[in-house]
Amino acid sequence: LQGIFVLGLPYALLHSGYSGLLLIVLSAALCCYTGKILITCLYEENEDGQLVRVRDTYEDIANACCKKLSPKLGGIVVNVTQVVELIMTCILYLVVSGNLLSHSFPYVPLTEKTWSVIAFVTLLPCVFIRTLKIVSKLSQICSLLHFVIILLVITYCLTQIHQWSWAKFRLSIEFEDFLVSVGVIIFSYTSQIFLPTLEGNMKNPGEFRCMLNWTHFFACVLKTTFALTAFLTWGEETKEVITDNLPSFLEMLVNLCLLTKALLSYPLPFFAATEIVYSCISKGNHSNCRWPLLSLSVRGSFLLLTLLMAMFTPHFALLMGLSGSVTGAAMTFLLPSLFHLKLKWKKLSFLEKCADISVFILGFLCSLAGIICSIKGLLEVFG
């Protein structure tokens, strides 16, 4: 729930005003709700009326919903969406790494794209990662760095409390900028693709709902505090990546921490994406001698793809807004509510049906509008 993409939240507030604060809270509530109904879809009642886990993954849920049309159609849609979201996350890590290096060493005559290539070179060993054991250790370091970074930024902002002014918040906002902010905020909460695996590996799965409530609550508090204090400190001068606003003596320290976090965070979405693709390609392939080469080829291709995309789309907030609007909205709002309605329709109360339908419509409208505005913004930048 907490990633490097919270750095874009103050910038989102710049373009969404007071409504941005409401969006951060509302997104947390909706994401928590859709996470719960997604896990509900993993279970069915047996003859004794007891809930039994009959599905294991997001893909299994999708296949169960689409089995009348095609046994594998739902799984294909979910896998494609998951891979796109994970790869977009990897691309964002490269984009932000280039940005951080560029601002950490402003006297070195290199562009952000060149810095992104340098960051990419350090990630080449990811091609040889075959298990989650290494990735999990890197993720532990990332979590520690994340809280250090957030603490440093908030502490500095609190030292500037004498210049805070609520007048910096705008009541009137540009509709298109607001929609891009929606995508940024949604993307900062996306975690649904990991929830089925997480719930399945809990010692006490019955505590999942409680865990989800508390994690989303604390995530909401932390995101709101961070975004609000940063925006009140810099107001209209808030940058796409908030660390660009920090004074030079603190900027380099925080940027280097962020750079380390970004590079260490890259392997998790990269590994997850390549494993999905590899498992899909290798199904039905009985030539075991070709599998190591196939796995290496998939990882190498995806690694190169993330670099090329980072070179052509070096705009952190717009790219994050587009990702949130497309894959984030689909995996977080659209598909969970749709699957829940499909699998549990007969057992849902009228209010539960209304809630699912409302979430689906809201997610669809936000996704459609966010896609249009994010693409328009990217085209204007390139133009």
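This structure is a prediction, so every number in the text was calculated from the model and none was measured.

Some thoughts on the overall build of the protein chain
Of the regular secondary structure elements, the protein chain holds 14 helices and 2 strands. Buried residues in the protein chain amount to 52% of all 383 residues. Summed over all atoms, the accessible surface of the protein chain reaches about 18300 Å², with 69% contributed by carbon and sulfur.

So, a nonpolar patch on the surface
Residues W345, I357, I361, F364, L365, L368 and I372 make up a contiguous nonpolar surface patch of roughly 670 Å² in combined accessible area. Within the secondary structure, I357 sits in helix α14 (residues 350–382).

Section: the packing of helix α3 (residues 58–65) against helix α4 (residues 73–104)
Look at α3 against α4: their axes get within 6 Å of each other, and the N-to-C directions meet at 140 degrees. The chirality of how α3 crosses α4 is right-handed. Residue-level contacts link Y58, E59, A62 and N63 of α3 to L73, G74, G75, V78, N79 and Q82 of α4. Its residues assigned to classes, the contact of α3 with α4 comprises 4 nonpolar, 5 polar and 1 charged.

Overview of the side chain of N63
Within the secondary structure, N63 is located in helix α3. Residue N63 is classed as buried on the basis of its relative accessible area of 17%. Here the side chain of N63 touches G75 through a polar contact of 2.8 Å, landing on its backbone nitrogen. If we skip the residues at most four places from it in the chain, N63 touches P71, K72, L73, G74 and G75.

A closer look at the packing of α4 against helix α10 (residues 248–265)
Axes are the key here: two packed helices are described by the angle between their axes and the distance separating the axes. Running from amino to carboxyl end, α4 crosses α10 at an angle of 155 degrees, the nearest separation of the two axes being 9 Å. Judged by the inter-axis angle, α4 sits roughly antiparallel to α10. The handedness of the crossing between α4 and α10 is left-handed. Facing α4, whose interface residues are Y93, V96, S97, L100, L101, H103 and S104, α10 presents E251, M252, N255, L256, L258, L259, A262, L263 and S265.

A look at the side chain of R299
Positionally, R299 belongs in helix α12 (residues 291–312). Of the polar contacts made by the side chain of R299, one reaches the backbone oxygen of I129; its length is 3.1 Å. A distance of 3.4 Å separates polar atoms of two side chains, one belonging to R299 and the other to E275. Every residue in contact with R299, bar those within four places of it in the chain, is listed here: C126, V127, I129, R130, F270, T274 and E275.

Digging into the packing of aromatic side chains
Given two aromatic rings, their pairing is described by the distance between the two centres and the angle made by the two planes. Considering all chains together, one arrives at 7 aromatic pairs under this definition. Centre to centre, the rings of Y156 and W234 are 6.0 Å apart; their planes meet at 20 degrees, and the pair counts as stacked. Here Y156, found in helix α6 (residues 132–159), pairs with W234, found in helix α9 (residues 208–234); they are 78 residues apart in sequence, far enough to count as distant. One exposure class covers both Y156 and W234, and it is buried. The structure contains a cluster of three or more aromatic residues connected by ring pairs, namely W214, F217 and F218. Over the ring of W345 we find K353; its NZ or CZ atom is 4.0 Å from the centre of that ring.

What counts and what doesn't
Residues numbered from 1 in each chain as written. Predicted model: local features only at pLDDT ≥ 70, side-chain atom pairs only at ≥ 80, totals over all residues. Heavy atoms only, no water. Helix = DSSP H or I, 4+ residues; strand = E, 2+ residues; numbered from the N terminus. Buried < 20%, exposed > 50% of the residue type's maximum accessible area, 1.4 Å probe, protein only. Areas by Shrake-Rupley, 256 points an atom, 1.4 Å probe, with all protein chains shown as cover. Patch = residues over 30% accessible without salt bridge, like charges linked within 9 Å, V, L, I, M, F, W, Y side chains within 5 Å. Salt bridge = Lys/Arg side-chain N within 4 Å of Asp/Glu carboxyl O. Axes fitted to C-alpha atoms, helices over the stretch in contact; angles between N-to-C directions. Left-handed = near helix turned anticlockwise from the far one by under 90°. Contact = heavy atoms within 4.5 Å. Nonpolar A, V, L, I, M, F, W, Y, C, P; charged D, E, K, R; others polar. Polar contact = N/O pair within 3.5 Å; in protein donor to acceptor, adjacent residues only side chain to side chain. Parallel < 35°, antiparallel > 145°, perpendicular 65-115°, else oblique. Phe/Tyr/Trp six-rings, centres within 6.5 Å; stacked < 30°, edge-to-face > 60°. Lys NZ or Arg CZ within 6 Å of the ring centre and 35° of its normal.

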